Amino acid sequence: QSVLTQPPSVSGTPGQRVSISCSGSASSFGSSVVYWYQQVPGTAPKLLTEGNGQRSSGVPDRFSGSKSGTSASLAISGLRSDDEGDYYCAAWDDRLNIYVFGTGTKVTVL
Amino acid sequence: EVQLMESGGGLVQPGGSLRLSCSLSGFMFRNYAMSWVRQAPGKGLEWISAISATGEDTYYAASVRGRFTISRDNSRNMVYLQMNNLRVEDTALYYCPKDTSGYLRPNSFEIWGQGTMVTVSS
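Residue numbers restart at each chain and count upward from 1, following the sequence in its written direction. All chains are assigned letters beginning at A, and all ligands numbers beginning at 1, according to the order in which they are written. Note on the predicted model: pLDDT of at least 70 is required for a residue's local features to be given, and 80 or more for side-chain atom pairs to be given and counted; whole-chain, interface and lining totals, by contrast, use all residues. Only hydrogens and water are set aside; all other atoms, that is, all heavy atoms of the structure, feed into the side-chain values.

Undergrad: Give me the state of the cysteines: which residues, what numbers.
TA: Pairs of cysteine sulfur atoms within 2.5 Å are identified as disulfides in what follows. Counted under the stated rule, the structure contains 2 disulfides over all chains. Put simply, Cys22 of chain A and Cys89 of chain A are joined by a disulfide, and their sulfur atoms are 2.1 Å apart. Handedness here is read from the sign of the S-S torsion; for Cys22 of chain A and Cys89 of chain A, about 75°, the answer is right-handed. Linking Cys22 of chain A in strand E2 (residues 18-23) with Cys89 of chain A in strand E7 (residues 85-93), this pair joins segments that are 67 residues apart in sequence. Pair check on accessibility: Cys22 of chain A and Cys89 of chain A agree, each one buried. Put simply, Cys22 of chain B and Cys96 of chain B are joined by a disulfide, and their sulfur atoms are 1.7 Å apart. Around the S-S axis, the bridge from Cys22 of chain B to Cys96 of chain B shows a dihedral of about 55° and counts as right-handed. Helix numbers and strand numbers start at the N terminus; a helix is a DSSP run of H or I with at least 4 residues, a strand a run of E with at least 2. When accessible area is computed with a 1.4 Å probe and restricted to protein chains, residues below 20% of their type maximum are described as buried, those above 50% as exposed, and intermediate ones as partly exposed.

Undergrad: Which residues make up the nonpolar core, and what are the values?
TA: Across soluble globular proteins, you tend to see nonpolar side chains buried next to one another. As used in this record, nonpolar core signifies buried Ala, Val, Leu, Ile, Met, Phe, Trp, Tyr and Cys residues forming a set joined through side-chain atoms within 4.5 Å. Of all hydrophobic cores here, the largest spans 39 residues; its most connected members are Trp36, Tyr37, Tyr87, Tyr99 and Phe101 of chain A together with Trp47 and Phe109 of chain B. For this core, the leading source of residues is E7 of chain A, giving 6 residues. Should any heavy atoms of two residues lie within 4.5 Å, those residues are considered in contact. Each residue touching Tyr99 of chain A, except ones within four places of it in the same chain, is listed here: Tyr35, Tyr37, Ala90, Ala91 and Trp92 of chain A together with Trp47, Pro106, Asn107, Ser108 and Phe109 of chain B.

Undergrad: I'd love a proper account of the sheet that holds strand E1 (residues 3-7) of chain B, names of residues and values included.
TA: Residue and element names in this part refer to chain B. DSSP-based pairing: two strands are paired if at least 2 bridges between them are found. Taken in spatial order, the 4 strands line up as E1-E3-E8-E7 in an open sheet, and their pairing is antiparallel. With partners counted over all chains shown, the strands left at the sheet margins are E1 and strand E7 (68-73), one partner each. If you compare each strand with its neighbour and ignore which way they point, the axes differ by 15° on average. As paired strands, E1 and strand E3 (residues 18-25) are joined by 5 bridges and run antiparallel to one another. Note that in E3 the partner of Gln3 across the bridge is Ser25. Only the stretch in contact is used when a helix axis is fitted, and all axes are lines through C-alpha atoms; the angle between N-to-C directions ranges over 0 to 180 degrees.

Undergrad: Before we move on, can you summarise the interface of chain B and chain A with the specific residues and values?
TA: In this complex, chain B contributes 20 residues to the contact, which on the side of chain A involves 15 residues. Take the accessible area each of two parts loses on contact, using a 1.4 Å probe, and add the two losses: that sum is the buried area. Between chain B and chain A the total buried area reaches about 1,500 Å² when both faces are included, carbon and sulfur atoms providing 66% of it. A per-residue breakdown of the area chain B buries against chain A is headed by Leu45, Trp47 and Trp112 of chain B, which together make up 34% of the total. Salt bridge, as applied in this entry: a Lys or Arg side-chain nitrogen positioned within 4 Å of an Asp or Glu carboxyl oxygen. Remark: the boundary between chain B and chain A carries 0 salt bridges.

Undergrad: Break down the packing of aromatic side chains for me, citing the residues and quoting the values.
TA: Here a Phe, Tyr or Trp ring, Trp counted by its six-membered ring, pairs with any other such ring whose centre lies within 6.5 Å, and the pair is stacked when the planes are under 30 degrees apart, edge-to-face when over 60, and tilted otherwise. The full count for this structure, using the stated rule, is 12 aromatic pairs over all chains. Considering the side-chain rings of Phe101 of chain A and Phe109 of chain B, the 6.4 Å spacing of their centres and the 40° angle between planes classify their relative orientation as tilted. Here Phe109 of chain B lies in strand E11 (residues 109-111) and Phe101 of chain A lies in strand E8 (residues 98-101), a pairing that spans two chains. Phe109 of chain B carries the same exposure label as Phe101 of chain A, and that label is buried. Centre to centre, the rings of Tyr95 of chain B and Trp112 of chain B are 5.3 Å apart; their planes meet at 80°, and the pair counts as edge-to-face. With Tyr95 of chain B in strand E9 (residues 92-95) and Trp112 of chain B in the loop between E11 and strand E12 (116-120), this residue pair connects regions lying 17 residues apart in the sequence. Across the pair, Trp112 of chain B and Tyr95 of chain B agree in class, each one buried. Ring pairs connect the aromatic residues Tyr37, Tyr99 and Phe101 of chain A together with Tyr95, Phe109 and Trp112 of chain B, which therefore count as one cluster.

These figures capture arrangement, not role.
Encoded structure:
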């Protein structure tokens, strides 16, 4: 079983910086690029970051992705109410030849 | 402008079959791998299958391998998902998002449609 583990929830107040972690096994994801998606309730997912943390077109620079070894993170700075939603990391598992989404993190703006 | 539309969902009994279709336009379809991703009600995203740009290579999640078959028609800009021996746990909204740059296999999914709902129930 291939798993990318994320914390179930993260919360913060408006303007605050929050971070979401994503971790997987070295054998499956050690050399993989990690992507991040945002899903606002009731809508389709939206790609936030592409390879090497590069933001997708139109995504504000408040969102930044990074990866070190088998762990990745997405930071959201200047938290806003419309950032509320579910966030997923994802990567290609080189060992199993499958694409894997993380377990998902619900972001709440207090 | 890239456009995509999933279709073919519906209500089916356990053990039944459905064929999903995805129509795409506005880009060089034959140059991109394509995937199907699903989301069960109230649950997270689950990638289930992908096909390379030429159609020569296919990939499946363990949960659907042996029951689902992905295919594509590059002359018609279409992707298909044949789903056999459906189970209650296959109930989900099914998406076929456009890949950013994958050719042999998926990279990331930059454009998503509204999806098509599949309900497996007796």
